[in-house]
Amino acid sequence: MPQERYGRYRILRPLGQGGMAAVHLAEDPVLRRLVAVKVLRGELGTQPDWVRRFRDEATAIARLGNPHVVAVFDFGREAGEDYLVMEFVDGISLSQLLAQKAGRLDPVCAAAIASQVADGLRAAHGAGIIHRDIKPDNILIRKDGQVKITDFGISRILEEVSRTMTGSVFGSPLFMAPEQVEGRNPSGAIDIFALGGVLFRILSGRHPFEAEHAHAVMWRIVQEEAPRVSTTLPEVPAELDDLVASMHQRDPSARPRASEVGRTLKQFLVSRGCGDPVGATFSALPDSVVRAEPILMDLSPEESTTSQSAFAKTSFFHHHPKLVPLAISGSALVLAAFLAGKAWDRMQLESIPEASVVRDFQADRSPRRDSSDPTRPPSHPLPPSENPDAAIRVESR
């Protein structure tokens, strides 16, 4: 069971669970926004080197500031567990979209999604950051069509943990590059190979290296050349067929850079009359996603008494919606009466001659003698804040 809080972030519900980490929807009561909190398994925090790398990676990702990379807001440690606070993306993953679209997308939509992923990879590779696990599950699509890559930084830590604790290779076998399977030092080229596999998948509805089990998939990746998309989908546009083939080159240095992939995809989109990748992605989203009710803040009463979500759940009018117009009308009458009263008070105040107000004020502030003892020196009245009688006198006017 997850903790109720990690730092100042209150856990609302789980979003996903993996072998090395769990993701939860949480709320930030200070900035009043929803966030995603990824919690690493407790035993991982016992390794100082992993904790240091975890924090270094989180800091590096936070500095990227690319719209196609899920933003990192914070990180910390709570009760022996390291956690990462990330932007919450209200939408669906690419794998979920594919499941709702019979496993494949049209070429324009596929290019629109891949071009946004390529832009995020361009920014990350430029900062020396490799993702290591590009796959449909790690590609998120907001309701407005903007695509974001998640799990940057985490993948590097989990890769090292996986090799050390289990002796196995970290990553999704269907999208691994040959050098990644062989355990060679990776570069940004492994992300390009993986994105080529994702593009192959969303264009054709199949994986380039399909096999009965993971070991057979990895054997094919190391031993065989990747097939072209056209072998599965003859009608695929030639530009996309050639691009995927170049991304699947066995030699990492022969693969295009992320910036080149993005440029090719955008040129293809323009040639098809689409200059807006976000808009093209939005057009492919199901109505059930686009029209879904947004997830609202649900702050606890002790943190906020004005939360829209909390009011919606506890309000009398939530259960009696027909009374809302009557309540609004009554509130308007009360407000009008209040304003009328204030206006009347102002009229009465303005009717007092200005000279008398100044004279009275000066009289209050001027020295006065005690009438019972003419020889007694003059005394000064207390300021209104210290003299209750003066405060009452001012209010009575």
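Residues numbered from 1 in each chain as written. Predicted model: local features only at pLDDT ≥ 70, side-chain atom pairs only at ≥ 80, totals over all residues. Heavy atoms only, no water.

1. Here we look at the sheet that holds strand β9 (residues 147–149)
Applicable threshold: Pairing between two strands is assigned when DSSP locates at least 2 bridges connecting them. Note on conventions: DSSP H or I runs of at least 4 residues are helices, E runs of at least 2 residues are strands, and numbering of each starts at the N terminus. For helices, the axis comes from a line fit to the C-alpha atoms of the stretch in contact; other axes are also lines fit to C-alpha atoms, and the angle between any two N-to-C directions lies between 0 and 180 degrees.
Taken in spatial order, the 3 strands line up as β7-β8-β9 in an open sheet, and their pairing is antiparallel. If you trace the sheet from one side to the other, it starts and ends with β7 (91–93) and β9, each paired once. Each adjacent strand pair in this sheet contributes to an overall mean axis angle of 25°, direction not counted. Where β7 and strand β8 (residues 139–142) come together, 3 bridges link them in antiparallel fashion. By the bridge assignment, S93 is partnered in β8 with L140.

2. Side note on the pairing of strand β4 (residues 33–40)
Stated precisely, the cut-off is as follows: Residue burial is assigned from relative accessible area. The probe radius is 1.4 Å, only protein chains are included, and a residue is buried under 20% of its type maximum, exposed over 50%, and partly exposed in between.
Most of β4 is tucked away: 7 of the 8 residues are buried. Sheet topology places strand β3 (residues 21–28) next to β4; 8 bridges connect them, and they run antiparallel. Bridging across to β4, A21 finds its partner in L40. Linkage of β3 to β4, two consecutive antiparallel strands, is achieved through a turn of 4 residues, within which R32 is found at a positive phi near 55°.

3. Points about the environment of P227
Using the following cut-off: Residue contacts follow a heavy-atom distance rule, with two residues in contact if any of their heavy atoms lie within 4.5 Å.
In this structure, P227 sits in the loop between α7 (214–223) and α8 (238–247). Measuring from C-alpha to C-alpha, the distance between P227 and P208 comes to 6.2 Å, with 19 residues separating the pair along the chain. If we skip the residues at most four places from it in the chain, P227 touches F200 and P208.

4. Structural notes on the packing of aromatic side chains
Defined as follows: We call Phe, Tyr and Trp rings a pair once their centres come within 6.5 Å, taking the six-membered ring for Trp, and we label the pair stacked below 30 degrees between planes, edge-to-face above 60, and tilted otherwise.
Evaluated as defined, the whole model comprises 2 aromatic pairs. Note on Y6 and Y83: the rings are 5.5 Å apart at their centroids and 55° apart in plane angle, and the pair reads as tilted. A residue pair is termed long-range when its members are at least 10 positions apart, and Y6 in strand β1 (residues 5–6) and Y83 in strand β6 (residues 81–87) qualify at 77 residues. Per residue, the accessibility class of Y6 equals that of Y83, and both read buried. Judged by centre distance (6.4 Å) and plane angle (15°), the rings of F193 and F209 are stacked. Of the two residues, F193 is situated in helix α6 (residues 189–204) and F209 in the loop between α6 and α7; the sequence distance between them amounts to 16 residues. For the pair F193 and F209, one class covers both residues: buried.

5. Observations regarding the confidence of the model for the protein chain
Short version of the rule: pLDDT: the predictor's confidence for each residue, scored from 0 to 100.
On average, residues of the protein chain score 77 in pLDDT, and 66% of them are at 70 or above. The weakest mean pLDDT in the protein chain belongs to helix α16 (residues 388–396) at 37; the strongest belongs to α8 at 98. Under a pLDDT of 50 for its full length, residues 161–168 has, in the predicted model, 17 contacts with residues more than four places off or in other chains. Across residues 299–319 the pLDDT falls below 50, and counting only partners more than four positions away or on other chains, this stretch makes 31 contacts in the model.

6. Focus on unusual backbone geometry
Positioned with a positive phi, R32 is a non-glycine residue whose angle comes to about 55°. In this structure, R32 sits in the loop between β3 and β4. Positive phi is not limited to glycine here, since R132 has a value of about 85°. Note that R132 resides in the loop between α3 (107–126) and β8. Of the residues examined, R132 reaches a relative accessible area of 13% and is grouped as buried.

7. Details of the packing of α3 against helix α9 (residues 258–271)
The condition is simple: Here is the rule for angles: anything less than 35 degrees is roughly parallel, anything more than 145 is roughly antiparallel, 65 through 115 is roughly perpendicular, and the remaining ranges are oblique. We call a crossing left-handed when the near helix sits turned anticlockwise from the far one by less than a right angle, and right-handed when that turn is clockwise. We call Asp, Glu, Lys and Arg charged. Ala, Val, Leu, Ile, Met, Phe, Trp, Tyr, Cys and Pro are nonpolar, and the rest, Gly among them, are polar.
The interhelical angle for the contact between α3 and α9, taken along N-to-C directions, is 155°, at an axis separation of 8 Å. What the angle tells us is that α3 and α9 run roughly antiparallel. Considering only the axes of α3 and α9, their crossing is left-handed. Across the interface between the two elements, P107, V108, A111, A112, A114, S115, A118, D119, L121, R122 and H125 of α3 pack against A258, S259, V261, G262, L265, K266, F268 and L269 of α9. Across the contact of α3 with α9, the residue classes tally to 12 nonpolar, 4 polar and 3 charged.

8. Observations concerning α9
What counts is decided by this rule: Expected helix span is given by 1.5 Å per residue-to-residue step, counting one fewer step than there are residues. Throughout, the arc means that of the directions going from the helix axis to the C-beta atoms.
The end-to-end C-alpha distance of α9 is 20 Å, a good match for the 20 Å that 14 residues give at a rise of 1.5 Å each. Considered for burial, the residues of α9 that qualify are A258, V261, G262, L265, F268 and L269. An end-on view of α9 places all buried positions within 125° of arc, on one side of the element. Across α9 from its buried face, at more than 90 degrees, point the exposed residues Q267 and V270. Buried residues along α9 sit against α3, α6, α8 and α10 (277–284).

9. Focus on α6
Relative to the 22 Å expected for 16 residues at 1.5 Å per residue, α6 spans 23 Å between its end C-alpha atoms, a close match to the ideal helical length. The buried fraction of α6 is high, at 16 of 16 residues. Trailing α6 by a residue or two, G205 shows a phi angle of about 85°, which is positive.

10. Quick word on the pairing of β8
As paired elements, β8 and β9 share 3 bridges and run antiparallel to each other. Each residue of the ladder has a partner; that of I139, found in β9, is I149.

11. As for the nonpolar core
Just so we agree on the cut-off: Nonpolar core, defined: a set of buried Ala, Val, Leu, Ile, Met, Phe, Trp, Tyr and Cys residues in which side-chain atoms within 4.5 Å join the residues together.
In terms of nonpolar packing, the biggest core is built from 61 residues, with L94, I113, L195 and L199 touching the most fellow members. Dropping the residues within four chain positions of it, I113 is found in contact with L94, L97, L105, I139, I141, V147 and T281. Grouped together as the second largest cluster of nonpolar side chains are 11 residues, I130, M176, F193 and M218 included.

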